[in-house]
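Analysis of the macromolecular model
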Amino acid sequence: MKNVIDFDISKAEHYFKDVNISELEARALRANEVLVSRSGEGNGFLGWIDLPVNYDRKEFQAIKEAAAKIRSDSDALVVIGIGGSYLGARAVIDSLSHCFYNSKEAIEKEEKRPEIYFAGNNISSSYIADIIDVVKDKDFSVNIISKSGTTTEPALAFRIFRQLLVDKYGEAEAGKRIYATTDKEKGALKNLSDKEGYKEFVVPDDIGGRYSVLSAVGLLPIAVAGIDIDELMRGAADERKHIMSTPFNDNEALKYAAYRNVLLEKGRSVEILANYEPNFHYIAEWWKQLYGESEGKDKKGIYPASVDFTTDLHSLGQFIQDGTRIMFETVVWIEKARRELFVKGWEGDPDGLNYLGGKSFSEINFNAMTGTMLAHTDGDVPNFLITVSELSAYTIGSLIYFFEYACGVSGYMLGVNPFNQPGVEAYKKNMFALLGKPGFEAQGEELRKRLN
Ligand code: PA5
């Protein structure tokens, strides 16, 4: 059976002429073995491997029940989280919803569901104040997602939205509108939730933030958005089975992991994930965290970048075609558009577009994609093509698992621990020191000297 994800290297084949494919396969299989035997660095964070078939059914049911409650008593949901506690939910919701999903028209068109706003992913006062404007006169709920409970951005946003709920509903009702997704036994948010009696969901101990979208971290907001989380898990489970049972030659995830490492070894240190569907934008943002945090360490790694085409062909297209040759592209093509439009004829052809009369926008988009791939290939940018049949809960579940698995294998091929993120602490320490957090006083003085 054809897999829902296809991986094609034919436009980049000439970059692999000198590569011994058997050796490459052996390297990929060795990295794969380290992953599945759980014998590599970071092996305490491999809970995601079996998650699609081995998740907590009771919690899954509780997620559905909480989502149903939020859908029935709230006109808006504020989802508070950052990084791995944010991007997965946003990616899935944005990829599977109306492009303007918070508009009244979209909500009426789809089954009635709350508007969804993401907060706690920056420290902008304007951004938070603008969300307050939008939700304060509506019935709303909050899903605070933080494993540690002390991450500055979500903790700050939670202070604001919790108080807004308390002012609006009183302590008791506010508590029933707060859903906390956090550590199962420790941390500031866990302690607060226990004290206040918030409905709690668990960030699993053995799954790092960037691999957590198929846990409660992603699933609660995704279910509130009306997306079928059973289908999402089914897609991931089928992709898992496919990857685990398919030899290298037909194994899209292993080949993607292997060939991107070859390109890195040939000096291509930037990978651009290109898409032709605006719905895909946040999948690329999620992918950037997944690959960036997993591989960018020990002075190694491929820098993950992304472009939204054809939009960015009019801004970054020049550089990709003609600038420094440091990159390769992984193009994601969605075969079936969520909605279709056709070009009609126009008498007199005033805009010169009648040659497109009768064509679907998808056909035009497809030709833009193939034309761009050929142009960029001619410009010495190796292009991979990932084809996905359509954007559905099932295919997005498959794609999530595909990228997660390939990332684990790729990281081990690269020779790093793909499951830690030591580098993300440096900015936090400086910020705490500059803001005068107790315990950081000496460092604060030192930093201020450097700034003066
Ligand atoms: O991948 C990660 O570990 C990070 O992106 C975290 O998810 C992010 O920093 C948020 O952390 P927390 O859930 O503890 O608030």
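The structure this text deals with has already been given above.
Here is what the cut-offs are and how they apply
- Residues numbered from 1 in each chain as written.
- Predicted model: local features only at pLDDT ≥ 70, side-chain atom pairs only at ≥ 80, totals over all residues.
- Heavy atoms only, no water.
- Near = heavy atom within 4 Å.
- Polar contact = N/O pair within 3.5 Å; in protein donor to acceptor, adjacent residues only side chain to side chain.
- Areas by Shrake-Rupley, 256 points an atom, 1.4 Å probe, with all protein chains shown as cover.
- Nonpolar A, V, L, I, M, F, W, Y, C, P; charged D, E, K, R; others polar.
- Helix = DSSP H or I, 4+ residues; strand = E, 2+ residues; numbered from the N terminus.
- Expected span 1.5 Å × (residues − 1).
- Buried < 20%, exposed > 50% of the residue type's maximum accessible area, 1.4 Å probe, protein only.
- Contact = heavy atoms within 4.5 Å.
- Core = buried A, V, L, I, M, F, W, Y, C linked by side-chain atoms within 4.5 Å.
- Phe/Tyr/Trp six-rings, centres within 6.5 Å; stacked < 30°, edge-to-face > 60°.
- Lys NZ or Arg CZ within 6 Å of the ring centre and 35° of its normal.
- Salt bridge = Lys/Arg side-chain N within 4 Å of Asp/Glu carboxyl O.
- Pairing = 2+ DSSP bridges.
- Axes fitted to C-alpha atoms, helices over the stretch in contact; angles between N-to-C directions.

Okay, the site of the ligand next. Not every one of the 13 residues close to the ligand is listed here, only the nearest: Ser85, Ser146, Lys147, Ser148 and Thr151. Serine 85 is positioned such that a nitrogen or oxygen atom in its side chain is 2.7 Å from an oxygen atom of the ligand. Contact between the ligand and arginine 210: an oxygen atom at 3.4 Å from a main-chain N or O atom of the residue. Its free accessible area being 380 Å², the ligand has 86% of it covered by the protein chains. Of the residues in the shell around the ligand, the class split is one nonpolar, nine polar and three charged.

It helps to recall that an α-helix has 3.6 residues per turn; residues three or four apart then point in one direction. Over its 17 residues, helix H2 (residues 57–73) runs 25 Å from end to end, which matches the ideal 24 Å to within 8%, given 1.5 Å per residue. Inspection of H2 places Glu59, Phe60, Ala62, Ile63, Ala66, Ala67, Ile70, Arg71 and Asp73 among the buried residues, and these make up the whole buried set. The inward-facing, buried residues of H2 contact strand E2 (76–80), strand E4 (140–145), strand E5 (178–182), strand E6 (199–202), helix H9 (216–224) and helix H10 (229–245). Capping the start of H2, aspartate 56 holds a side-chain oxygen 3.0 Å from the backbone nitrogen of lysine 58, two or three residues further along.

In the segment running from phenylalanine 309 into threonine 310, the intervening peptide bond is cis, with an omega of 10°. Considering the arrangement of structural elements, one finds threonine 310 in the loop between strand E8 (303–308) and helix H13 (317–322). Its identity is not glycine, yet aspartate 349 carries a phi of approximately 50°, on the positive side. Along the chain, aspartate 349 falls in the loop between strand E9 (327–336) and helix H14 (361–378).

This paragraph deals with the nonpolar core. Phe16, Trp48, Trp286, Phe384, Leu399 and Phe403 are the most contacted members of the largest nonpolar core, which has 99 residues in total. Considering each element in turn, this core owes the most residues, 14 residues, to helix H15 (residues 393–414). Once residues within four sequence positions are removed from consideration, tryptophan 48 is found in contact with Leu35, Asp206, Ile207, Tyr211, Tyr401, Glu404, Tyr405 and Phe419. Counting 22 residues, the second largest nonpolar core, distinct from the first, contains Ala157, Phe158, Ala180 and Tyr198.

Centre-to-centre distance and the angle between the planes together describe a pair of aromatic rings. Applying the stated criterion to the full structure yields 26 aromatic pairs. Here tyrosine 276 and phenylalanine 309 contribute two aromatic rings whose centre-to-centre distance is 5.5 Å and whose plane-to-plane angle is 65°, an arrangement assigned as edge-to-face. Placement of the pair is tyrosine 276 in the loop between strand E7 (270–275) and helix H12 (281–295) and phenylalanine 309 in the loop between E8 and H13, with a sequence separation of 33 residues. The same class applies to tyrosine 276 as to phenylalanine 309, namely buried. Summarising the aromatic geometry, the rings of tryptophan 287 and tyrosine 291 are spaced 5.5 Å apart at their centres and angled 35° between planes, so their arrangement reads as tilted. Residue tryptophan 287 and its partner tyrosine 291 are located together in helix H12, separated by four residues, close to a single helical turn. For the pair tryptophan 287 and tyrosine 291, a shared accessibility class is recorded, and that class is buried. Grouping aromatic residues by their ring pairs yields a cluster made of Phe7, Phe16, Tyr256, Tyr259, Trp286, Trp287, Tyr291, Phe328, Phe384, Phe402 and Phe403. Over the ring of tyrosine 55 we find arginine 57; its NZ or CZ atom is 3.8 Å from the centre of that ring. Stacked on the ring of phenylalanine 432, the Lys or Arg lysine 437 has its end atom at 4.0 Å from the ring centre.

Turning our attention to the pattern of salt bridges. This model, assessed by the stated rule, comprises 30 salt bridges. Several salt bridges converge on common partners, so that one network encompasses Lys147, Asp183, Lys184, Lys186 and Asp205.

On to the sheet that holds E9. Read from one edge of the open sheet, five strands run E1-E10-E9-E7-E8, paired in mixed fashion. The open sheet has two edge strands, strand E1 (5–8) and E8, and neither has a second partner. Strand-to-strand twist in this sheet, taken as the mean axis angle between neighbours without regard to direction, amounts to 20°. Relative to the sheet, helix H11 (residues 252–265) contacts E1, E7, E9 and strand E10 (383–390), its axis offset from that of E1 by approximately 30°.

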